[in-house]
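Single-letter residue listing:
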Amino acid sequence: QVQLVESGGGLVQAGGSLRLSCAASGIIRSINTMGWYRQAPGKQRELVAVITSGGLTTYADFVKGRFTISGDNAKGTVYLQMNSLKPDDTGAYYCNAVVTGTFGNFEVWGQGTLVTVSP
């Protein structure tokens with residue numbers, strides 16, 4: 001079993017920065033990828049960024065050049081540095097891990113941390 005706990009959300013003015021952290025506990029050696037998703041009010045959850053065990057990163061177009069994902073899947077940690085924040089970045093940010101289990105891969109989600117960007 002793997003559990004994820006996020007921290008670092010909060011209220012920030014447009015143009016400001018926040019750093020989100022996610023820590024995994026449990027059988028972290030089974031983690032393949034870790035990443036961040038977000039869900040704005042009234043919208044579907046969407047990918048923000050992911051990082052593989054080999055360190056490869058993927059970003060959504062709307063955060064390229066502003067957000068940076070980092071971490072160490074082997075240690076079960078992932079971070080999201082968010083710069084030049086915009087009001088459209090407001091939402092709940094969820095940490096995600098793809099884990100290899102006995103019967104295949106499955107996803108684990110954190111409880112979410114709220115990011116609010118004021119104009």
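To be clear, the structure that these remarks concern was listed above.
Residues numbered from 1 in each chain as written. Predicted model: local features only at pLDDT ≥ 70, side-chain atom pairs only at ≥ 80, totals over all residues. Heavy atoms only, no water.

## Some words on the packing of aromatic side chains
Formally: Only the six-membered ring of Trp is used, alongside the rings of Phe and Tyr, when aromatic pairs are assigned; centres must lie within 6.5 Å, and planes under 30 degrees apart are stacked while those over 60 apart are edge-to-face, with the rest tilted. We count a stretch as a helix when DSSP gives it H or I for four or more residues in a row; a strand needs E for two or more, and each element gets its number in order from the N terminus. Each residue gets one of three labels from its accessible area relative to the maximum for its type: buried under 20%, exposed over 50%, partly exposed in between, using a 1.4 Å probe on protein chains only. In our convention, an over-ring charge means Lys NZ or Arg CZ found within 6 Å of a ring centre and within 35 degrees of that ring's normal.
If you walk through the whole model with that rule in mind, you get 1 aromatic pair. Note on Tyr37 and Trp109: the rings are 5.0 Å apart at their centroids and 70° apart in plane angle, and the pair reads as edge-to-face. Here Trp109 lies in strand β10 (residues 104–109) and Tyr37 lies in strand β4 (residues 31–39), a separation of 72 residues in the sequence. The class for Tyr37 is buried, based on a relative accessible area of 18%. Cation over ring: Arg45 sits above Tyr94, and NZ or CZ is 3.7 Å from the ring centre.

## Some points on the pattern of salt bridges
Heads up, the condition is: Take a side-chain nitrogen of Lys or Arg and a carboxyl oxygen of Asp or Glu: if they are within 4 Å of each other, that pair is a salt bridge.
Counting across every chain of the model gives 4 salt bridges. The partner of Glu46 in a salt bridge is Arg38, and the shortest N-O contact between them spans 2.9 Å. With a closest N to O distance of 2.7 Å, Asp89 and Arg66 form a salt bridge. Remark: Arg66 occurs in the loop between β6 (57–59) and β7 (67–72) and Asp89 occurs in the loop between β8 (77–82) and β9 (91–101); sequence separation between them is 23 residues. Per residue, the accessibility class of Asp89 equals that of Arg66, and both read buried. One network of salt bridges, with partners in common, ties together Arg38, Glu46, Arg66 and Asp89.

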